Amino acid sequence: MGDETWNDLFPGAFSQAFFFPSFDVRDLHTVDNGILEHLYPTMDSGEWDVLITHFLGVDHCGHKHGPHHPEMAKKLSQMDQVIQGLVERLENDTLLVVTGDHGMTTSGNHGGDSELETSAALFLYSPTALFPSAPPEEPEVIPQISLVPTLALLLGLPIPFGNIGEVIAEVFSEVEDSQPHSSTLAQASALHLNAQQVSRFLHTYSTAAQDLQVKELHRLQNLFSKASADYQRLLQSPQGAEAALQTVITELQQFLRGVRAMCIESWARFSLVRMAGGAALLAATCFLCLLVSQWATSPGFCFRPLLIPMAWGLTGAIVCAGLLATTGLKLDSVVLGAMAAVGSLLPFLWKAWAGWGAKRPLAALLPMPGPVLLLLLIRFAGFFSDSFVIAEARAAPFLLISLILLLVAQLHWEGKLLPPKLLTIPRLGFLTPAGPPRHNGTHALGLGVGLLLCIRLAGLFHRCPEETPACSSSPWLSPLASMVGGRAKNVWYGACVGALAALLAAVRLWLRRYGNLKSPEPPVLFVRWGLPLMGLGTAAYWALASGADEAPPRLRALVAGASVMLPRAVAGLAASGLMLLLWRPVTVLVKAAAGAPRTRTVLTPFSGPPTSQADLDYVVPQIYRHMQEEFRGRLERTKSQGPLTVAAYQLGSVYSAAMVTALTLLAFPLLLLHAERISLVFLLLFLQSFLLLHLLAAGIPITTPGPFTVPWQAVSAWAFMATQTFYSTGHQPVFPAIHWHAAFVGVPEGHDFTWLSALLVGANTFASHILFAVGCPLLLLWPFLCESQGPRKRRQPPGNEAEARVRPEEEEEPLMEMRLRDAPHHFNAALLQLGLKYLFVLGIQILACALAASILRRHLMVWKVFAPKFIFEAMGFTVSSVGLCLGIALVMRVDGAVSSWFRQLVLAQQKAGEQSSLVYTGAGSSAREAQSHLLPPCSQDLLASGTSLFYNSKS
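Residues numbered from 1 in each chain as written. Predicted model: local features only at pLDDT ≥ 70, side-chain atom pairs only at ≥ 80, totals over all residues. Heavy atoms only, no water.

As annotated in an unreviewed UniProt entry, the protein carries the name GPI ethanolamine phosphate transferase 3 isoform X4 and comes from Balaenoptera acutorostrata. What UniProt records for the protein under Subcellular location (unreviewed entry) is the sentence "Endoplasmic reticulum membrane". Under the UniProt heading Sequence similarities (unreviewed entry), the entry covering the protein gives this text: "Belongs to the PIGG/PIGN/PIGO family. PIGO subfamily." (UniProt positions renumbered as here; feature names shortened; annotations may be inferred.)

Structure, rendered in structure tokens:
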């Protein structure tokens with residue numbers, strides 16, 4: 001009775017059973033109360049031989065509150081009362097066994113190999129004395145597998161064939177017999193039966209597997225033969241053989257323990273061939289990403305030739321596998337995959353060698369800057385140290401801070417300490433300042449300081465590894481429900497809701513700043529109304545989750561139902577918003593009107609009567625020109641029909657707006673899977689990402705018409721920030737640190753959707769990988785977004801000063817992200833290069849972890865540190881690869897939608913048959929004065945169709 005897992009493991013094995021749902025760790029009482037309802041009546045009935053009860057309240061309380069919470073004291077007191085009640089009802093021939101299947105860390109989790117997790121109490125009691133003497137002061141440590149033969153012999157059942165455990169000999173002492181010889185003989189008999197069973201298993205296994213150490217196997221077989229012969233001899237003449245029986249018991253125990261040690265050592269086997277093949281496969285993939293990322297932006301690059309070497313490598317592997325199958329030889333599939341990967345690299349290496357010639361091949365092979373390469377090598381080498389892996393939560397922010405300081409220093413050395421709004425493009429003909437003003441350095445320095453501050457604040461949310469007992473984890477990682485004080489809980493709840501509101505406000509302000517909240521498109525309407533609803537749902541769920549235990553009994557069912565429905569509603573809204581974004585990703589405000597667009601004239605505000613003739617020559621023509629244009633506009637509006645003028649706003653930030661909206665929609669479901677106070681980390685995550693993007697944009701030159709590229713510094717910093725956020729959200733690359741509570745967010749009690757719970761836990765664990773991988777294209781888009789924060793002034797032609805003052809000053813709207821569409825091939829190549837660079841940085845991390853786990857396979861900490869780190873890095877790489885593909889796919893979807901939008905304008909104008917001119921805002925009053933070479937190719941089609949078009953970042 002109790003945990004329903006018994007029914008899954010042994011269906012139909014029990015004559016009577018009372019099972020209860022056990023997967024919900026938030027439920028502390030259902031299983032325990034169900035057991036207590038049937039336990040004592042079943043005992044009193046006497047219709048049983050073995051009675052098994054599996055209580056779960058203590059385990060669930062540890063997961064939910066930890067071992068030091070007041071609820072744990074209540075649960076332990078309840079278990080004490082249960083044991084006392086059982087002891088009072090036991091009969092003389094009944095044995096009570098109380099044990100645990102695992103221990104518990106100081107945080108209430110388990111699953112690792114620390115002493116706290118692998119140690120559990122074992123309590124044996126019977127009204128009849130069990131042991132011939134008083135127990136030792138220091139309890140003996142007994143392996144859990146020893147319970148199998150012990151309970152089997154006590155029940156009179158055969159020991160299972162695959163058992164390698166050792167019986168607890170003291171339990172088989174005949175205390176009622178006054179002769180010590182009888183007690184010793186009983187222990188020897190139990191050990192001999194156990195040894196016989198282990199010897200049969202050893203003989204069968206060694207014949208089939210043949211992987212045991214032959215010398216040690218023969219020694220153990222001889223030891224068992226001798227001990228068995230001595231035991232049979234003593235049975236023939238038992239009188240006066242007390243010392244000989246003790247010798248037999250010692251020999252049998254040595255045999256059983258020797259077999260267990262030999263099997264454990266042999267079963268921890270490693271396939272060196274597979275390890276080498278897997279490492280070669282990873283190395284080939286990383287090298288391929290590096291080579292293709294170099295060639296992606298080169299002139300004449302084509303995607304099709306990339307598939308030819310891969311096809312040759314795959315063909316070679318297939319031919320090799322066929323030959324091996326024909327000859328009857330066996331080769332591992334991993335080795336075949338490594339051969340295919342290495343074979344596909346050969347054409348790339350030949351091409352690279354031919355292209356490099358004598359021009360420093362090493363420098364061409366590693367194109368990244370020296371300091372960035374040094375940081376990556378330090379990180380690569382660090383994975384071979386267990387101390388570095390354990391302390392990576394502090395090492396990753398240190399490397400990130402070092403890279404940020406390097407970026408600021410590089411900007412200073414290159415004279416690029418300019419705020420984003422002052423980035424200039426020589427081709428546009430703007431004046432380039434001779435040297436950066438003093439406040440420009442302050443601006444970039446402020447970005448760096450703010451970024452460092454965010455990283456330090458995020459480091460306050462840390463979980464200490466088990467290997468550092470002197471460290472204390474941050475108390476802010478626990479849910480609000482675990483807090484005892486009501487006032488403190490309310491204060492923290494207010495802070496969490498405030499962080500949520502600040503995140504929403506920051507996103508809305510950013511979208512409003514670039515004019516992306518004025519479009520009537522469905523995604524924009526969802527941002528206006530859907531995001532606040534998601535915020536309210538999240539805040540309401542936090543309120544219910546933090547006070548569920550304090551709810552009145554009659555309202556608990558309602559609270560439980562609302563706690564399930566609110567996360568589902570938020571996730572449903574997020575999914576709806578993403579679907580709307582994919583359906584209509586172009587958030588552009590289009591205004592069409594009849595009449596030729598007029599060039600805006602900038603008027604100098606009146607500041608008193610003119611003091612000189614020059615002032616009159618400057619002001620009067622402006623007034624005259626303004627009156628003339630107003631009169632011309634009135635006359636044109638009286639015409640029955642005029643050319644079509646289309647004003648398109650928000651085209652300059654159409655890609656970034658879609659990315660920021662998608663990231664915000666993804667952040668809400670991921671935030672629900674974490675504890676409430678992690679919302680502060682999510683706010684810091686968005687803030688430091690914004691600061692890092694602005695800092696990186698200051699050092700990335702904008703080239704027109706291409707090629708476009710993202711430097712290695714930016715990609716490495718982005719990858720480091722993903723790792724830093726992984727630790728700042730309370731995660732560690734070990735299984736005991738997994739946030740299992742995420743499996744029950746929005747999931748009703750008693751469900752059997754195991755795959756859904758696994759998906760929720762995975763999303764919680766790799767939330768940082770998902771967000772940074774999906775948002776990786778922002779590294780390419782952000783410098784264009786920061787091209788200008790508003791219209792620019794055109795440079796006046798050279799001439800005398802009076803003529804320059806008379807000419808009206810004109811303003812030019814920046815193309816911003818539309819500049820990417822000026823060279824679609826370069827745009828696609830830049831996205832490919834960015835993705836390959838990001839995968840390379842992540843790939844060398846997983847390659848280092850794989851090599852560390854392989855080389856240090858006999859290290860004491862391989863299963864504690866290196867193997868879990870490799871598993872988490874492999875899963876993180878897989879999740880990041882999928883997220884990166886989704887992020888790039890979203891950008892391409894927006895790009896396709898923008899192209900479709902342009903084509904629809906062309907078709908609409910062709911159907912109307914109207915003629916007018918293409919006018920770019922601020923480019924002049926005539927169609928042919930517009931600088932059409934600055935417009936994307938799709939816009940050139942509008943020139944012939946006769947549609948006037950405005951590009952603008954804001955309306």
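Enquirer: Explain the overall build of the protein to me, please; I cannot follow it from the model alone.
Expert: Regarding its fold elements, the protein presents 31 helices and 9 strands. Residues classed as buried in the protein amount to 46% of the 955 residues present. Summarising the internal contacts of the protein: among those between residues at least 6 apart in sequence, 78% fall at separations of at least 24. Accessible surface, the protein: about 46900 Å² in total, of which carbon and sulfur atoms supply 64%. (Helix = DSSP H or I, 4+ residues; strand = E, 2+ residues; numbered from the N terminus. Buried < 20%, exposed > 50% of the residue type's maximum accessible area, 1.4 Å probe, protein only. Contact = heavy atoms within 4.5 Å. Areas by Shrake-Rupley, 256 points an atom, 1.4 Å probe, with all protein chains shown as cover.)

Enquirer: How do you make sense of the packing of aromatic side chains when you look at a structure like this?
Expert: Centre distance and the angle of the planes are the two values used to describe a pair of aromatic rings. What the rule picks out here adds up to 21 aromatic pairs. Here Y655 and F827 contribute two aromatic rings whose centre-to-centre distance is 5.5 Å and whose plane-to-plane angle is 75°, an arrangement assigned as edge-to-face. Taken as a pair, Y655 in helix α22 (residues 654-672) and F827 in helix α29 (residues 824-855) lie far apart in primary sequence, 172 residues in all. Judged by relative accessible area, which is 1%, F827 ranks as buried. When the centroid spacing of 5.2 Å and the interplanar angle of 85° are considered together, the rings of F726 and Y727 count as edge-to-face. By relative accessible area, F726 is classed as buried at 6%. Here R89 stacks its cationic end above the ring of Y40, 4.1 Å away from the centre of that ring. (Phe/Tyr/Trp six-rings, centres within 6.5 Å; stacked < 30°, edge-to-face > 60°. Lys NZ or Arg CZ within 6 Å of the ring centre and 35° of its normal.)

Enquirer: Please clarify how helix α6 (residues 147-154) should be interpreted in this entry.
Expert: Since the α-helix advances by 3.6 residues per turn, residues separated by three or four positions end up pointing in the same direction. Along α6, the residues that are buried comprise L147, P149, T150 and A152. Immediately beyond the C-terminal end of α6, within one or two residues, lies G156, with a positive phi of roughly 75°.

Enquirer: Would you take a moment to explain the packing of helix α18 (residues 486-513) against α22 for this structure?
Expert: Two quantities define a packed helix pair, namely the angle between the helix axes and the distance between the axes. Packing of α18 against α22 brings their axes to within 11 Å, and their N-to-C directions diverge by 170°. When the interaxial angle is binned, α18 and α22 end up roughly antiparallel. In this structure, α18 contributes L500, L504, V507, W510 and L511 to the contact, and α22 contributes S656, A657, V660, T661, T664, F668 and L671. Residue composition of the contact of α18 with α22, grouped by class: 9 nonpolar, 3 polar and no charged. (Axes fitted to C-alpha atoms, helices over the stretch in contact; angles between N-to-C directions. Parallel < 35°, antiparallel > 145°, perpendicular 65-115°, else oblique. Nonpolar A, V, L, I, M, F, W, Y, C, P; charged D, E, K, R; others polar.)

Enquirer: Whenever I open this one, the pattern of salt bridges confuses me. Can you help?
Expert: Pairing is possible between side chains of opposite charge, provided their charged atoms come close. Counting across every chain of the model gives 12 salt bridges. Here R257 makes a salt bridge to E166, at a shortest N to O gap of 2.9 Å. Taken as a pair, R257 in helix α9 (residues 242-267) and E166 in the loop between α6 and α7 (180-209) lie far apart in primary sequence, 91 residues in all. Of the residues examined, R257 reaches a relative accessible area of 40% and is grouped as partly exposed. With a relative accessible area of 8%, E166 lands in the buried category. (Salt bridge = Lys/Arg side-chain N within 4 Å of Asp/Glu carboxyl O.)

Enquirer: Mind showing me how you'd approach the packing of helix α27 (residues 778-785) against α29 here?
Expert: Contact geometry for α27 and α29: axes closest at 10 Å, N-to-C directions at 130°. Relative to α29, α27 is oriented oblique. Between α27 and α29, the contacting residues are L779, L780 and L781 on the first element and F827, A830, L831 and L834 on the second.

Enquirer: I tried to follow the side chain of K869 on my own but got confused; where do I start?
Expert: Mapping K869 onto the fold places it in helix α30 (residues 862-912). If we skip the residues at most four places from it in the chain, K869 touches F383, V389, E392, Y727, P733 and C849.

Enquirer: How do you make sense of the state of the cysteines when you look at a structure like this?
Expert: Chemically, a disulfide is nothing more than a covalent bond linking the sulfur atoms of two cysteines. This structure, assessed with the given rule, holds 1 disulfide. Between C464 and C471 runs a disulfide, and the two sulfur atoms are separated by 1.8 Å. Between C464 and C471 the sulfur-sulfur dihedral comes to about -50°; the bridge is accordingly left-handed. Between C289, a free cysteine, and C286, which holds the nearest cysteine sulfur, the sulfur-to-sulfur gap is 6.5 Å. Classification of C289 as buried rests on a relative accessible area of 10%. (Disulfide = S-S within 2.5 Å.)

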